[in-house]
Number of protein chains: 2
Amino acid sequence: MGTVQSVDRALQILEILARDGERGVTEIAGQLDVHKSTVSRLIDSLAERDLVEQNESRGKYRLGVGILRLAGATTARLDVVQEARSLSRSLAAATGETVNLAVLSEGAALYVDQVEATSAVQSHNWVGQRIPLHATSNGKVLLAGMSDDEVRAVLAGELPAYTTRTVTDVGEVVAQLAGVRHDGYVVVVDELEHGLSAVAAPVRNIHGDVIASMSVSGPTFRFTAELVDRAGAELVRCALEVSRRLGWRDLT
Amino acid sequence: MGTVQSVDRALQILEILARDGERGVTEIAGQLDVHKSTVSRLIDSLAERDLVEQNESRGKYRLGVGILRLAGATTARLDVVQEARSLSRSLAAATGETVNLAVLSEGAALYVDQVEATSAVQSHNWVGQRIPLHATSNGKVLLAGMSDDEVRAVLAGELPAYTTRTVTDVGEVVAQLAGVRHDGYVVVVDELEHGLSAVAAPVRNIHGDVIASMSVSGPTFRFTAELVDRAGAELVRCALEVSRRLGWRDLT
DNA sequence: GCAAGTAGTTGCATAATAAGCAACAACTAG
DNA sequence: CTAGTTGTTGCTTATTATGCAACTACTTGC
C-alpha cells in the first residue's frame, strides 16, 4: 500500500521537534531536503490544530499542546492502562515507590503510565519517554516476551553503557532473559542510572503474549533484599491481576 | 498563509479517532467527504509512525502509542510543567490530595500534569483531558485571566449542567470571576461531579498573563473549611513560586 | 546608524502527487 | 451458499503541493 508524501513530511516535522525541542523553518527544510516554503505550509497545517507552536513571532517552532489532547485520548483508550490503574496505585502505596507501565514501541520501552508514592524520591515523569530495553527492568521483561532471535534482531548494534553496571554484551542479556522467563520478574540495579533500581514483571494479553511490563522503581539504597522480596511478590501479583483482567488465564 | 489539504485531512482523522475511539475507513471517509481509498492512504502514513493502529486485520482503526512519544516530548518541554513539578509533588504530599496543572486550549481546560498523594481517593488520570471551564476551579481561574468580553465569547451558548450545583448562567459565572481575580484563588464544590471539590490558583508568565492554573482537588467530604484554608494558602504560595520561576514579578 | 545577511512568509506557475475509480480479496450477515 | 460490505491497490488524471522569486522583518557586524 502507499502512503501520502506530504503527510509523511508533516509527521517527520513532528518527530524532529520531539527529538530536538525546537527548530526553525530553514533548519527543518534542510533536514527534510525540501524548500523552506514547503515546511512553512506544512507547519501551518500542524499549527492550526495546536500540534506545533511558534516561540515568538517569526521564531522557532516546537511541539504544541494539541499533542497532549490526542495523547489523553490515547491513554484513556489503552486497555492496559485502564485496567492497571487502580492496581498501580495500590502498589505504589504499598511499596512507597514509583510504579510504571511500559509497552514495546520501536525497539524501546515506551512508558505509558506512572504512579508515584508521595514518599518517592524522584519526580521525573517517565510517561511518553522511550527508554532503552537492555538497561532497564521493564525493558528486560519486554525482551523476555520475545524469542532469542527476535531479541538479537532488536538489540542489533553496540549496546550503550549508561553506567559501569550496564550489561552491554548481547549474549549476556539473552542469558539473563532466560532467568526472567523462569522467575517471572527481574531486578535491575544501577544499569540505567547509578542509584536507580527497579523490579518488573510482565503483563499478558488473552493469548499470553507480553504486551506491557509493570515495574516498581526507586533509589538503590532503599532497594534492600527485603524490599525486593516484598515488592517483587506484590508486583507479580498485581501484574497477574492486570493480565487476568485482560483475559489471560494461567492454567498451571 | 496556506495550509496543506492532505495534512489537514490526516489530522482530522486523528481528531475523529480521539473523539470516537475507533472508526473504520468507510466511516471516516463519510465524515471527511472523501473517497475511502483516500482515507486508506492517509491512515497508512499515520500508521507507519504508530499514530494510529488497526484493531485487527481489516478492522477498525484507533489512535496508537506513537502519540504518547510525541506527548512525552511535549510535556518534557513545557516550561510550566517542568517548573511546577516539584512544587506539585510537595503540595500533594502536604495536602494528601491530587494536584493538577491545566492550560487553556480551544475553549476548555487541558490538563497537562497531575500528581496524586497516595492517600488520594480518585485514580482518574486527567492529563490530556479537556474539561469544561465553567464547572471547574481550574477553568474559572483560566477564565479569570481573560476580560469579561473574552469570557462571554468563550462561554457562548448554553452551559451544560453536570450536577445540580453547576453554575450555568453566564452572568453568574462572570460575577464569580470578579471574586476569583480579587481573592487570587477559587473554590468549586460539586459542580463537575457530585462529591468532587477543588481549589485553584493562577500561574502567570513574565508578563503577568495567566498561562496555567494549578489546583488541589479531592472528595467534598474531605474539603472542610480548615482544609480549604490550609490547602488554599499553600496552593497560592506554590502557584506564585511557579510564576516567579517563569519570570513573573509581583511588585505589590 | 546603516548595510548586508538571514529567516519566515506568500503569490504564482507548473511539476508532481493525491485522489477517485474500478476491481479485487476478505469478511460478515442472512 | 449468496449477497452485501469493508478495506486495499493499480492506474489515470484532476488537483494540489511544491519550488521559485520577491517580499517583510529581524539580526549581526562594522
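Residues numbered from 1 in each chain as written. Chains lettered and ligands numbered in written order. Predicted model: local features only at pLDDT ≥ 70, side-chain atom pairs only at ≥ 80, totals over all residues. Heavy atoms only, no water.

- Taking an unreviewed UniProt entry as the reference, chain A is identified by name as Glycerol operon regulatory protein belonging to Nocardioides psychrotolerans.
- If you open the UniProt record of chain A and go to Function (unreviewed entry), you find "May be an activator protein for the gylABX operon." (UniProt positions renumbered as here; feature names shortened; annotations may be inferred.)

Things to note about the relation of the copies chain B and chain A
Working step 1: The transformation that overlays chain B on chain A combines an axial shift of 0.1 Å with a rotation of 179°, and the residual RMSD is 0.2 Å. In symmetry terms, the pair is related by a two-fold rotation axis. Considering only C-alpha atoms, the residue of chain B closest to the rotation axis is Val7 of chain B, which sits at 2.5 Å.
Working step 2: When the interface residues of chain B are mapped onto chain A, 98% of them are again interface residues, pointing to one common binding face. (Least-squares fit on C-alpha atoms with pLDDT ≥ 70 in both. Contact = heavy atoms within 4.5 Å.)

Quick word on the interface of chain B and chain A
Working step 1: In this assembly, 66 residues from chain B lie in contact with 65 residues from chain A.
Working step 2: Roughly 5,400 Å² of surface becomes buried between chain B and chain A when both sides are summed, with 59% attributable to carbon and sulfur atoms.
Working step 3: Connecting chain B to chain A are 10 salt bridges.
Working step 4: Put simply, Arg89 of chain A and Glu116 of chain B hold a salt bridge, and the shortest N to O gap is 2.5 Å.
Working step 5: For the side of chain B that touches chain A, the secondary structure elements donating two or more residues are helix H1 (5-20), helix H3 (36-48), helix H4 (66-77), helix H5 (79-95), strand E4 (98-105) and strand E5 (108-116) of chain B. (Buried area = accessible area lost by both parts, 1.4 Å probe. Salt bridge = Lys/Arg side-chain N within 4 Å of Asp/Glu carboxyl O. Helix = DSSP H or I, 4+ residues; strand = E, 2+ residues; numbered from the N terminus.)

Thoughts on helix H9 (residues 225-245) of chain A
All names here are of chain A.
Working step 1: Helix length check: H9, at 21 residues, gives a terminal C-alpha distance of 30 Å against a target of 30 Å (1.5 Å per residue), a fit within 8%.
Working step 2: Turning to H9, the residues buried within the fold contact helix H5 (79-95), strand E7 (186-189), strand E8 (196-204) and strand E9 (210-219).
Working step 3: Positioned one or two residues after H9, Gly247 has a phi angle of 105°, which is positive. (Expected span 1.5 Å × (residues − 1).)

Here's the deal with the pattern of salt bridges
Working step 1: Evaluated as defined, the whole model comprises 36 salt bridges over all chains.
Working step 2: Measuring nitrogen to oxygen at the nearest pair gives 3.7 Å for the salt bridge that ties Arg23 of chain B to Glu27 of chain B.
Working step 3: Residue Glu27 of chain B is classed as partly exposed on the basis of its relative accessible area, which comes to 33%.
Working step 4: Connected through shared salt-bridge partners, Arg19, Asp20, Arg23, Glu27 and Lys60 of chain A make up one network. (Buried < 20%, exposed > 50% of the residue type's maximum accessible area, 1.4 Å probe, protein only.)

What about helix H3 (residues 36-48) of chain A?
Working step 1: Relative to the 18 Å expected for 13 residues at 1.5 Å per residue, H3 of chain A spans 18 Å between its end C-alpha atoms, a close match to the ideal helical length.
Working step 2: Among the residues of H3 of chain A, Val39, Leu42, Ile43, Asp44, Ser45 and Leu46 of chain A are the ones counted as buried.
Working step 3: Along its buried surface, H3 of chain A packs onto helix H1 (5-20), helix H2 (25-32), strand E2 (52-54) and strand E3 (61-63) of chain A together with H1 of chain B.
Working step 4: Taken from the residues just after H3 of chain A, Asp50 of chain A is the one with a positive phi, measuring 60°.

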